[in-house]
Each structure stands twice: as structure tokens, then as C-alpha cells.
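Secondary and tertiary structure notes
Each chain, written out:
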Amino acid sequence: MPTTILLVDDHPVFRKGLRLLLEAEQDFNVVGEAADGQEGIDRVRDLSPDVVVMDINMPNFTGIEATRQIVSDFPETKIVALSMHSGKRFIEDMLRAGAAGYILKECAPEELVNGVRAVTRGETYLSTSVTGIVVSEFVTTPPIAEATETIPIIRTKLHLPPIPENHIHRLRLLEQLQKGRRKKLTLVSAPAGYGKSMLLSCWLENCDCPYAWYSMDESDNNLRQFLIYFLTAIRTLFPDAVAKTLAMANAANIPPMKVLAAGLLDEMNLIDQDYILALDDIHLIQEKQVYDLLTELLRYPPQRMHLVLSGRRDPFLPISSFRAQGLLTELRLRDLCFTTAETKAYLELMLGEQIEDAVAAKWTEKTEGWIAGLHLAALSIQHQGDAAGMLPELPGGLQYVTEYLFNEVFKRQSPEMRHFLLSTAILDRFCVPLCDVLVGPDGESRQDDINSRDFLNSLKNQSLFIVSLDAENRWYRYHHLFQQLLKDQLLLHRSPEEIAALHSRAGQWFAEKKFIDEAIKHTLAAGDPLAAAQVVERNRRAVLDADQWYVMEKSGHLAP
């Protein structure tokens, strides 16, 4: 049904122009007019319109007073202020009275059309210039992107994962992703080890569209931190974009969600070039406010953005609604499983020998197309050279296959390599200097034959589930599944005291390098809350000077 609209303004000629503008839209129906606030209240009572377009300055009863009463008596009716006043007092008074939108009369006509549609959907709509006025009270510092040298953003979270040499280019899936660009959202959802990140990395690296990447972790369960990374990712493509929203995220008080989302949408709609924004490991996010913001963005998505979400389970978003609206492209477990042809190509690449179709079919059946399991299996037989002969030895079921193959891979490593793997299992990311402080037998001495750089090179050469996080090959991480298996082995082979000592040394290293989040995480894991509090206290001034409020928010309970 059309949206019913009441016009309230004391200028009859202006009302006539509004009526002509709005009735030109097929989904609008102007049901009446009023010349002042009191008449507007009476007409709302008689007509029950969906939306009232309300002027502010009118004789007898102002638009602000009328809005306050209409919102109180008829809460289902939405008010859009259409005013010549851009002063902060007028805007604040109208919004406090309950208006869902504020549009300047000098704005383009389509702004009013967009505003009426937005408030009908339950959103807040503000003119672009009005947004800056509304949020000015929240903005007290320059954007964080220009003030982060003391405690920097972890830039590797914004780097596309490099493609390994043994990667199989899966053309059928790349074509699906490319076709999905016609829609606003792509969702890649499957359990661990099915190649989600590598598939997206391969697609984006060969795509003709600019892209930004944001790899999330548990620390991003905070609206402020998520927003800072989200906006910084966009600014890797468009350095001058979303500056006002970044300033809001960096201020002491973040504005209400409706205001924040409206301002962000306004700024993102100013970007005049198509681009892809990929958020990886979305399953690690539990924070409701983060999903509220993403939901607001996807209700009225920016014209030039294509959003990609990747994770081990569906995010807490109205996926069925997006699907029904035709906004969504989906790649799921059934799509990501290796086919027999892909298994054959991968085994031949890994093992360097021809694989019969029947053997590839059996491997596909045994691993159920699970890429990580296939990779572990290939590693375990590289020294045997008999893929067909080893297959009957594998026990049934993915859980048993995982445990068996991991034990085969882990046990085949040298004692020094096993020591290195276990000592670094606690790290979500690592580099040579950090590994140097962990791989020694204790916190003070190191064996001369233990060389972290050589170990990392060996891991890369073996394709042993190590992922480079930057183009310079300074930072790495383990494949998430592999890291979990390593942690399980760590619990079996090291005492709680030894594991705590690893966390303590990692925490000290991160603290020295001013990576405060990770320093606090490892210090707490070491069972030393006092040391964690000291990290917070020592870096309090640097954090505040760099406007990293979210760090203080997350660690406030530790302050001494």
C-alpha cells in the first residue's frame, strides 16, 4: 500500500509544490494539508497518516510543539521536519521532540523523497549538512587515522591473505563470486578448513574492482574498535572518505545508533566508485551493536559498495530477509567442498605424481571434500609416496581423520620443530623477533640451533598451515584449525606453569612494542592480572593521547 502523507506548512504555495513532488511517486499518497501545528494535530487524528512532513516556524502552534504531541498521542506516525533553519538549536529541539528526520528546504527534492521512504522503514534520516551539525557535540578529536603512531592499528588485519603456491584456482566458485557482484551482499559460510579466506583472496586479487579487506578477531567485539577498523579499511581505498564518522568513532562518546548509521550511510554514498569490502571471520563477532550497525547499512546499502561476509556460521543478521529481497549471493558447505576433479588436481600438485580418477574419488569421499583434511593427508604421505596404499589405513569419520593425520604430521617433525610449533601455538600472529623470545627452553637462554627465521621458512616450504599476513612476510599466523590442534598438543606436552610462562613472555614483548590489546590478553592468560593492570597504567597516557578510547573501555576493570 502507498505511504500516506500529511503536509503541515503555513505557506500554501509551498505545500502545493510539495504535493506535486510527492504525488509523482507511485508509492506515496498525500492525504491532506494543514496550515499550522494545531491544525496538523487535528488532521493526524482524523487521517492517521504514516508520515507528517512538518515545518518548524508556524503561527499559533510551532512544528516542535506539534511534533511533541503527535509523537506522544500517535506513536505510529513518523515526523519529517522540512525546515529552512540549519541552526543547531532548531535541529536538536526537533529531534528531541521526536522527529525521525530533519531535511533542509534548500536540499534537492530527492532528499525529501529518500527521507520519507527511510522513516517509513523505521530509520532516521538527516540531510548531509544536518548530520555534521547533529554529531558535532560528539566530535572532539581529529580522525584516528591521523593520530595512531603511538599505538598503531594492527595493519595486517587489513591485508589480503597471500595466495600459497599450492592453491587450486576454483573457477566455478570464482565465477559465482563474480556474478554475485550484481547484488549488494555475498555470504561465504562453512566450517573451518574449507578454504573460505583463500577463495576470497584469489577472487579479489584477480578482480577488476577495487577491494578492501578486514580480518576480524575476538577483540573486535566492541562497536568502537569494529567501526575504527571498518572505516580504516574503506580509507585504504579512499583516503578522504568517511572522515566524520571516523571522528565520531574516535570521540569520547559515540552517538546513538540511528545517528551513527545515518551519518555513515551519507558519507559512504559520497563514494563515486564501485568497490568491494570483505569482512573475514565474521563468526568471531558476538557484539549486538556491531550487527545492528551492519543491519542498518544493509537495509539501505550504499550504492557503490558490495559487502562480503565470510565465517564459520551465519552472522546474526536478517539473512532470510536479505535473501527474500534479492540482495544476497551465498556460498555454503556444499559449494566449497572439493569435487573429485579438484581433489585430483590438488593431490597431484602436492605429491608431484599422477593420481588415478578412482583414487581421487575415494579421497574425496573419505575427506567429504574437506580441504584442510585433504591437505593434512597429503602432508602425511609425502614421505611414503603411495596415496592409494595409504587410503585404507585411514579410520572413518572426519574427527578421527583429523586426529590421525595431525598426529602423523606432528610426529614426523624433528624435536626442534615440534618445540617451535608448541611454543608458538598460543600466538594469534607472530614474527621472527616474537618467536625468538618464545622458542627457547626458558625465558633467559636459547639453544644455538634454534633459529626462528629458519623455522618459519621451513614451515612455509612445507605449506604447514602457515599464512602470511603482509606482503613483506614479516607477520604470520597458523591456519585456525591447525592452531587449535597445536593448542591441544600443547596442553598434553607442557605443564600449566610452562604455558603461563609462554603467555607472560609474549605479553611482555607485545607491551614493549605498544600492542596493548595483545599485551593485556597474554598477560591475563598468564594468570597475572596485576601485570595486566600495570600495562594499562603505563600506557594510559599514550592510549588517550592517540584517542584509542576503545582500549581503555575494554581494560577499564584492570586499572589499579
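**Section: the overall build of the protein**
- A tally of helices and strands in the protein yields 28 helices and 13 strands.
- By residue count, 54% of the 560 residues in the protein fall in the buried class.
- Accessible surface, the protein: about 24400 Å² in total, of which carbon and sulfur atoms supply 50%.

**Details of the pairing of strand E2 (residues 28-34)**
- Direction of pairing for strand E1 (residues 3-8) relative to E2: parallel, over a ladder of six bridges. Bridged to Thr-4 within E2 is Asn-29.

**Some remarks on the packing of aromatic side chains**
- Here the structure, examined in full by the defined rule, presents 13 aromatic pairs.
- Residues Tyr-291 and Phe-316 carry aromatic rings whose centres are separated by 5.5 Å and whose planes lie at 90 degrees to one another, so their mutual orientation is edge-to-face. Of the two residues, Tyr-291 sits in helix H12 (residues 288-299) while Phe-316 sits in the loop between strand E10 (305-311) and helix H13 (319-324), which places them 25 residues apart along the sequence.
- Owing to a relative accessible area of 49%, Phe-316 belongs among the partly exposed residues under this scheme.
- Between Trp-509 and Phe-510 the ring centres are 5.4 Å apart and the planes differ by 80 degrees, which places this aromatic pair in the edge-to-face class.
- Take Phe-510: its relative accessible area is 1%, and that puts it in the buried class.
- Through pairs of rings, three or more aromatic residues link up here, namely Tyr-214, Phe-226, Tyr-229 and Phe-230.
- Taking NZ or CZ as reference, Arg-429 lies 3.8 Å from the ring centre of Trp-475, over its face.
- Here Arg-429 stacks its cationic end above the ring of Phe-515, 4.6 Å away from the centre of that ring.

**Some thoughts on the pattern of salt bridges**
- Applying the stated rule across the entire model yields 23 salt bridges.
- Close ionic contact of Arg-121 with Glu-123 constitutes a salt bridge, the shortest N to O distance being 3.1 Å.
- On the basis of relative accessibility, which here comes to 34%, the residue Arg-121 falls in the partly exposed class.
- Exposure remark for Glu-123: the relative accessible area of 6% places this residue in the buried category.

**Re helix H25 (residues 516-525)**
- Within the sequence span of H25, burial applies to Ile-516, Glu-518, Ala-519, Ile-520, His-522 and Thr-523.
- Gly-527, located one to two residues past H25, shows a positive phi value of around 80 degrees.

**A word on the confidence of the model for the protein**
- When pLDDT is averaged along the protein, the result is 82, and 83% of the positions lie at 70 or above.
- Of all secondary-structure elements in the protein, the lowest mean pLDDT belongs to helix H28 (residues 549-555), at 48, while strand E9 (residues 275-280) reaches the highest, 97.
- Low pLDDT, under 50, characterises residues 544-552; the stretch is placed with 27 contacts to residues that sit more than four places away or in other chains.
- Note on residues 555-560: pLDDT under 50 across the span, and ten contacts to partners over four residues away in sequence or across chains.

**Focus on the pairing of strand E7 (residues 185-189)**
- When you tally the buried positions in E7, you get five out of five residues, the bulk of the element.
- Note: E7 against E10, five bridges, orientation parallel. The partner of Val-188 across the bridge, within E10, is Ser-310.
- Across four bridges, E7 lies against strand E11 (residues 328-331) in parallel orientation. Looking at the pairing, Leu-185 lines up with Leu-328 of E11.

**Here we look at the packing of helix H9 (residues 223-237) against helix H10 (residues 243-250)**
- Remark: H9 packs on H10, axes separated minimally by 9 Å, with the N-to-C direction vectors making an angle of 155 degrees. By the angle between their directions, the pair H9 and H10 is classed as roughly antiparallel. Between H9 and H10 the crossing geometry is left-handed. Here Arg-224, Leu-227, Ile-228, Leu-231 and Arg-235 of H9 come into contact with H10, specifically with Ala-243, Thr-245, Leu-246, Ala-249 and Asn-250.
- Within the contact of H9 with H10, the residues separate by chemical class into six nonpolar, two polar and two charged.

**Remarks on the environment of Arg-235**
- On the secondary structure map, Arg-235 appears in helix H9.
- In the structure, Arg-235 is positioned 23 residues away from Ala-212 in sequence and 8.6 Å away in space, judged by C-alpha atoms.

**Here's the deal with unusual backbone geometry**
- Here the phi dihedral of Val-242 falls at roughly 45 degrees; this positive angle occurs in a residue that is not glycine.
- Take Val-242: it is sitting in the loop between H9 and H10.

**Details of the side chain of Ser-452**
- You can see Ser-452 is positioned in helix H22 (residues 452-462).
- A relative accessible area of 1% places Ser-452 in the buried class.
- Within the local environment of Ser-452, its side chain forms a polar contact with the side chain of Asp-436, the two groups lying 2.7 Å apart.

**What about the nonpolar core?**
- Counting residues in hydrophobic clusters, the biggest one holds 86 residues, and the most contacted among them are Phe-230, Leu-277 and Leu-279.
- Per-element accounting of this core gives the leading share, nine residues, to H9.
- If near-sequence neighbours (up to four positions away) are discounted, Phe-230 is found in contact with Tyr-214, Leu-264, Met-268, Leu-277, Leu-279, Leu-294 and Leu-297.
- Counting 42 residues, the second-largest nonpolar core is a separate cluster that includes Ile-70, Ile-103, Leu-104 and Ala-118.

Procedures and definitions
- Residues numbered from 1 in each chain as written.
- Predicted model: local features only at pLDDT ≥ 70, side-chain atom pairs only at ≥ 80, totals over all residues.
- Heavy atoms only, no water.
- Helix = DSSP H or I, 4+ residues; strand = E, 2+ residues; numbered from the N terminus.
- Buried < 20%, exposed > 50% of the residue type's maximum accessible area, 1.4 Å probe, protein only.
- Areas by Shrake-Rupley, 256 points an atom, 1.4 Å probe, with all protein chains shown as cover.
- Pairing = 2+ DSSP bridges.
- Phe/Tyr/Trp six-rings, centres within 6.5 Å; stacked < 30°, edge-to-face > 60°.
- Lys NZ or Arg CZ within 6 Å of the ring centre and 35° of its normal.
- Salt bridge = Lys/Arg side-chain N within 4 Å of Asp/Glu carboxyl O.
- pLDDT = per-residue confidence, 0-100.
- Contact = heavy atoms within 4.5 Å.
- Axes fitted to C-alpha atoms, helices over the stretch in contact; angles between N-to-C directions.
- Parallel < 35°, antiparallel > 145°, perpendicular 65-115°, else oblique.
- Left-handed = near helix turned anticlockwise from the far one by under 90°.
- Nonpolar A, V, L, I, M, F, W, Y, C, P; charged D, E, K, R; others polar.
- Polar contact = N/O pair within 3.5 Å; in protein donor to acceptor, adjacent residues only side chain to side chain.
- Core = buried A, V, L, I, M, F, W, Y, C linked by side-chain atoms within 4.5 Å.

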